[in-house]
Amino acid sequence: KGDTGATGATGAKGDTGATGATGAKGDTGATGATGAKGDTGATGATGAKGDTGATGATGLLSSGTAKGATPYWNGSAWVISNSSLYNDGSSVGFGTTSPGGQIDVVGLDVYAEASDQVQTSKSASSAGSSYWQSFTAGKTGYLSTLSVSLNSSLTGGLPAAMTLNIYSGEGNAGTRLSTQTVTVAGTSYYDRYFAIADPPLLTSGTQYTYELIPASVQTNWTVFQGTNPYAGGRISHNSGWDATFTTYVSSGTPASGLVVQSGSVGIGTSAPTCRLDVNGDVRLGLPTEPSSLASTGWSSAALIFSGGPQSGAANTGDNTDPLWMARYNVASDQSELRVVIGDGGDVNDRFVIGSMSNTSGEFSRTATWTGKFSVTASGVVKAAGTITASTTPDIAETIPAAADVGVGDAVCADPERRESVVRCRIGDWGVMGVIADGTSGFIINSYGKDVDAALTGQPLVLAGRVPVKVSTENGPIRMGDWLTPSSTPGVAMRASGAAPLVGVALDAFDGVNGATAREGTVLCFVKPGQGGTAELAADIAHLRDENTALRKENHDIRARLDQLEALVLGRHRQRGR
């Protein structure tokens, strides 16, 4: 057999054969990425309405209950009450069912003070040097207030100082828990309320004692009941007697407490005796005022007294004259307390200080009023007593003066200008006084017309003591010498003989230096007048005597001349014959 020949060329592709049978399923491929969210389908039709449920139980506030009734939980159930909290939809009342505004609070007691031990009976009085009363606390809390029925231990109800002590146990032998000084005035036995300055903590069922010790005793001052009305303690006088007292206990110390009782507000006191009773300092306004007030000068707070009824039974109208006081800041570190009385400078509107004949020491509208010092709205000042000025000891008034007039000058009436002064010179008789430095104890600012007006002229001392310029032109000045104007304008010197006077020297001055007169100042008691009047009177009397003698001599000469004339005429006639 021969060798295989070379492979021939590939032939043309034949037709595709029929599809074979499906192969076995392969492994699941990896999960592809999530496709985009399709559009929301249309809302389906509403289902049919279900059956109505059973009716619930009737609520707490059913129709027809009292207006403003408010529910509260009493610890076991909800109940309705409007005695403590009332709400009618427009106003809320605490402790009232008739609120007078949007919020009305009655009986606000921040620290919940309440009376504890009470003994009100009284039948006799005593003038002992002191007494104590024991009591048994019924509540645990702080003894914040003690009320005791008594009056002043001094005759006439004058204010009497007393020491008030609180002790543990019965009597004053136990531990002293609190001590303070109180003052009692008046002659009527009524309840005096003492806010305890350092309230001791009391324990219910434990006995304590209060003690009162007057500084001086001149009359009966305490009252008690002699039939043992109080079982929790006794008075020191007798084991069967008891003082008249009430203790008040609070749940906290009342030093900063706020109490509202029967329309009265107490701050720092648990027993307010008037509409607002404050035990402590009171501030009106803020330490830093709002910037909106900076340009006005006024404080943000003022004390304003509204108009009251006019005096007299027949005058029932309202007196609407303004009456208030407020702080005004004039400038940096310069403030004023401004008081406004009246609305037009009426002399009938006045600021008055006085006294009342009320021996209890409390404010009273029925006591007799006596005015002592007043300032009218027009600036007129009146006083019923002595006014003391602790400043320069002189009285002055302002007066126009020449331009060269200064402090310490002796001045005289200006001969050329009305109501004016110039410096005095020797021989000037119109001495007016001495010019002061403006610190006189009393200055009349002539025609000033405003309390803040500048001085309208030089302060001319009319009376009193003031420094005056002097010289030794007429010799050394001794204390007690009269002073008169010198040759130097405005400067005084020692007076001698008849001369106009400035006043009396109260200092000595010796300033001679060789032959030159020196100048200085001495304290002068101003007393303008005329000096040397006794010498002048003597001179006048002497001149009068001389005049009388001359008149007599003249009369004698005339008589002799008459005689001589008669003699000459007689001889002439004889010759003629």
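Everything below is about the structure shown above.
These lines cover the structure that appears in this document, whether it is placed above or below.

Parameters at a glance
- Residues numbered from 1 in each chain as written.
- Predicted model: local features only at pLDDT ≥ 70, side-chain atom pairs only at ≥ 80, totals over all residues.
- Heavy atoms only, no water.
- Helix = DSSP H or I, 4+ residues; strand = E, 2+ residues; numbered from the N terminus.
- Contact = heavy atoms within 4.5 Å.
- Areas by Shrake-Rupley, 256 points an atom, 1.4 Å probe, with all protein chains shown as cover.
- Pairing = 2+ DSSP bridges.
- Axes fitted to C-alpha atoms, helices over the stretch in contact; angles between N-to-C directions.
- Core = buried A, V, L, I, M, F, W, Y, C linked by side-chain atoms within 4.5 Å.
- Buried < 20%, exposed > 50% of the residue type's maximum accessible area, 1.4 Å probe, protein only.
- Phe/Tyr/Trp six-rings, centres within 6.5 Å; stacked < 30°, edge-to-face > 60°.
- Polar contact = N/O pair within 3.5 Å; in protein donor to acceptor, adjacent residues only side chain to side chain.
- Patch = residues over 30% accessible without salt bridge, like charges linked within 9 Å, V, L, I, M, F, W, Y side chains within 5 Å.
- Salt bridge = Lys/Arg side-chain N within 4 Å of Asp/Glu carboxyl O.

## Overview of the overall build of the protein
Then step 1. Summing up its helical and strand segments, the protein has one helix and 36 strands in all.
Then step 2. For the protein, restricting intrachain contacts to residue pairs at least 6 apart in sequence, the fraction spanning at least 24 positions comes to 57%.
Then step 3. A total accessible area of about 36,800 Å² is found for the protein, and carbon and sulfur atoms account for 51% of it.

## What to know about the side chain of Thr 222
Then step 1. Inspection of the secondary structure puts Thr 222 in strand β15 (residues 222-225).
Then step 2. Setting aside anything within four residues of it in sequence, one finds Thr 222 in contact with Ala 124, Ser 125, Ser 126, Tyr 131, Ser 149, Leu 150 and Tyr 189.

## Observations regarding unusual backbone geometry
Then step 1. The residue Glu 419 is not glycine, and still its phi comes out positive at about 50 degrees.
Then step 2. The backbone of Tyr 447 sits at a positive phi, close to 60 degrees, despite the residue not being glycine.
Then step 3. Tracing the sequence through the fold places Tyr 447 in the loop between β31 (440-444) and β32 (458-471).

## A few points about the sheet that holds strand β22 (residues 323-331)
Then step 1. Reading across the sheet, the three strands line up as β21-β22-β23 and stay open at both edges, with antiparallel pairing between neighbours. The two strands at the open ends of the sheet, each matched to only one other strand, are β21 (298-304) and β23 (334-341). Ignoring which end each strand starts from, the neighbouring axes of this sheet average 20 degrees apart.
Then step 2. Across four bridges, β21 lies against β22 in antiparallel orientation. By the bridge assignment, Leu 303 is partnered in β22 with Met 325.

## Notes on the environment of Arg 465
Then step 1. Along the chain, Arg 465 turns up in strand β32.
Then step 2. Once residues lying within four places of it in the same chain are set aside, the contact partners of Arg 465 are Thr 392, Pro 393, Asp 394, Leu 506, Leu 523, Cys 524 and Phe 525.

## Side note on the sheet that holds strand β11 (residues 176-184)
Then step 1. Across the sheet, four strands lie side by side as β8-β14-β10-β11; this open sheet has antiparallel pairing. If you trace the sheet from one side to the other, it starts and ends with β8 (131-136) and β11, each paired once. This sheet shows a mean twist of 20 degrees between the axes of neighbouring strands, independent of strand direction.
Then step 2. Note: strand β10 (residues 160-168) against β11, eight bridges, orientation antiparallel. Paired with Thr 163 across the bridge in β11 is Thr 181.

## Points about the nonpolar core
Then step 1. Counting residues in hydrophobic clusters, the biggest one holds 25 residues, and the most contacted among them are Tyr 131, Phe 135, Val 148, Leu 150, Leu 164, Tyr 210 and Leu 212.
Then step 2. Among the secondary structure elements, those contributing two or more residues to this core are β8, β9 (141-150), β10, β11, β14 (207-214) and β17 (245-250).
Then step 3. Among the elements that make up this core, the one with the highest residue count is β9 (four residues).
Then step 4. Ranked by size, the runner-up nonpolar core spans 20 residues in total, among them Val 434, Val 470, Val 502 and Cys 524.

## Observations regarding the packing of aromatic side chains
Then step 1. Applying the stated criterion across every chain, the model contains eight aromatic pairs.
Then step 2. Relative to Phe 245, the ring of Phe 135 lies with its centre 6.3 Å away and its plane at 45 degrees, an arrangement referred to as tilted. One end of the pair, Phe 135, is in strand β8; the other, Phe 245, is in strand β17, with 110 residues separating them in the sequence.
Then step 3. For Phe 135, a relative accessible area of 0% translates into the label buried.
Then step 4. Ring plane angle 90 degrees and centroid distance 5.4 Å describe the contact between Tyr 230 and Phe 245, whose orientation is recorded as edge-to-face.

## Side note on the environment of Ala 302
Then step 1. Tracing the backbone shows Ala 302 in strand β21.
Then step 2. For the pair Ala 302 and Val 339, spaced 37 residues apart in the sequence, the C-alpha separation amounts to 9.9 Å.

## Remarks on the pairing of strand β25 (residues 369-376)
Then step 1. Of the pairings in the sheet, the one linking strand β24 (residues 350-356) to β25 comprises seven bridges and is antiparallel in character. Residue pairing for β25: Arg 350 is matched across the bridge by Thr 376.
Then step 2. Across three bridges, the pairing between β25 and strand β26 (residues 381-383) is antiparallel. Pairing of Phe 373 across the sheet is with Ala 383, part of β26.
Then step 3. In this antiparallel pair of consecutive strands, β25 and β26, the connection spans four residues, and Gly 379 shows a positive phi of 95 degrees.

## Examining the side chain of Ser 178
Then step 1. Mapped onto the elements of the fold, Ser 178 is located in strand β11.
Then step 2. Relative accessible area serves as the criterion here: at 5%, Ser 178 is assigned to the buried category.
Then step 3. At 3.4 Å, the side chain of Ser 178 and the backbone oxygen of Asp 198 are in polar contact.
Then step 4. Other than its neighbours up to four places away in sequence, Ser 178 contacts Leu 164, Asn 165, Ile 166, Ile 196, Asp 198 and Pro 200.

## A short note on a nonpolar patch on the surface
Then step 1. Together, Leu 258, Ile 267, Leu 276, Val 278, Val 282, Leu 284, Leu 303, Phe 305 and Leu 323 make up an exposed nonpolar region whose accessible area comes to about 750 Å².
Then step 2. Inspection of the secondary structure puts Ile 267 in strand β19 (residues 264-267).
Then step 3. Look at Ile 267 and you get partly exposed, because its relative accessible area is 38%.

## A few points about the environment of Ser 496
Then step 1. On the secondary structure map, Ser 496 appears in the loop between β34 (492-494) and β35 (499-505).
Then step 2. Taking relative accessible area as the criterion, Ser 496 reaches 47% and is therefore assigned partly exposed.
Then step 3. As for Ser 496 and Asp 481, which are separated by 15 residues in sequence, their C-alpha atoms are 9.2 Å apart.
Then step 4. A distance of 3.2 Å separates polar atoms of two side chains, one belonging to Ser 496 and the other to Asn 474.

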